[in-house]
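So the chains spell out like this:
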Amino acid sequence: VTGVQTCALPICSYHEWAENTADQDRYKQAVSFYEKTVSKQNDSIFLYECHFYSAQCHLKISEHSQAKNKLSQLKSILDKSKKPESTWIFKTILLEGDIFLGESDYSSSIDRYSKAEKFSKDNDLPLLRNEAIVSIGNTYIAQKNFSKAEEYLTKMEKEADQNNWE
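Residues numbered from 1 in each chain as written. Predicted model: local features only at pLDDT ≥ 70, side-chain atom pairs only at ≥ 80, totals over all residues. Heavy atoms only, no water.

Counting residues in hydrophobic clusters, the biggest one holds 22 residues, and the most contacted among them are Tyr48, Cys57, Leu95 and Ile99. The set of elements that each furnish at least two residues to this core consists of helix H2 (24-38), helix H3 (45-60), helix H4 (64-80) and helix H5 (86-102). Here this core gets 8 residues from one element, more than from any other, and that element is H3. Look past the residues within four positions of Ile99 in its chain and what remains in contact with it is Leu59, His64, Ala67, Lys68 and Leu71. Of all hydrophobic cores here, the second largest spans 15 residues; its members include Tyr113, Phe119, Ala132 and Tyr140. (Core = buried A, V, L, I, M, F, W, Y, C linked by side-chain atoms within 4.5 Å. Buried < 20%, exposed > 50% of the residue type's maximum accessible area, 1.4 Å probe, protein only. Helix = DSSP H or I, 4+ residues; strand = E, 2+ residues; numbered from the N terminus. Contact = heavy atoms within 4.5 Å.)

Let us now look at the confidence of the model for the chain. Averaged over all residues, the pLDDT of the chain is 84; the fraction at 70 or higher stands at 85%. Per-element mean pLDDT across the chain ranges from 55 in helix H1 (residues 3-21) up to 97 in helix H6 (residues 106-122). In the model, residues 1-9 has pLDDT below 50 throughout and makes 5 contacts with residues more than four positions away in sequence or in other chains. (pLDDT = per-residue confidence, 0-100.)

As a further point, take the packing of helix H7 (residues 126-142) against helix H8 (residues 146-162). For the pair H7 and H8, the least separation of the axes is 7 Å and the interaxial angle reads 165 degrees. With respect to their mutual orientation, H7 and H8 come out roughly antiparallel. Read as a crossing pair, H7 and H8 show a hand that is left-handed. The segment H7 lies against H8, with Arg129, Asn130, Ile133, Val134, Ile136, Gly137, Tyr140 and Ile141 engaging Phe146, Lys148, Ala149, Tyr152, Leu153, Lys155, Met156, Glu159 and Ala160. Partitioned by chemical class, the residues of the contact of H7 with H8 number 11 nonpolar, 2 polar and 4 charged. (Axes fitted to C-alpha atoms, helices over the stretch in contact; angles between N-to-C directions. Parallel < 35°, antiparallel > 145°, perpendicular 65-115°, else oblique. Left-handed = near helix turned anticlockwise from the far one by under 90°. Nonpolar A, V, L, I, M, F, W, Y, C, P; charged D, E, K, R; others polar.)

In structure tokens, the structure reads:
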């Protein structure tokens with residue numbers, strides 16, 4: 001077993017446990033393991049994942065400034081990367097939207113989710129495009145603008161039908 005695999009096991013356990021139980025302490029434990037892991041990594045997909053999922057954990061426990069910090073670190077790593085994967089660029093844009101949504105900054109959230117939708121369309125990432133569309137719809141639900149939410153969720157349904165997704 002390599003060091004990375006050994007280190008990843010507790011992270012996955014605490015993060016998954018937190019997701020399934022909404023246990024704030026488990027999110028904090030996952031963040032702690034992510035931090036320890038980041039300090040031992042060089043530029044790798046695992047490093048991206050650590051920053052990304054750490055930001056998500058911070059967001060789940062309403063630590064918005066820490067989530068922004070992790071997002072900033074992830075963006076810095078992606079900027080230095082010779083050719084970052086389109087999926088990671090998309091996830092980063094979507095995470096920005098999630099952070100704004102967590103802060104109830106709906107306008108900025110919709111702006112980022114729309115940017116993610118455009119990016120996914122321009123880069124032929126149809127599954128990810130639907131994720132962005134659903135995120136926009138969910139933001140309108142959070143605003144209690146149900147007619148606008150329905151517009152986006154119907155749009156996602158049409159996209160799924162066009163691509164023969166179930």
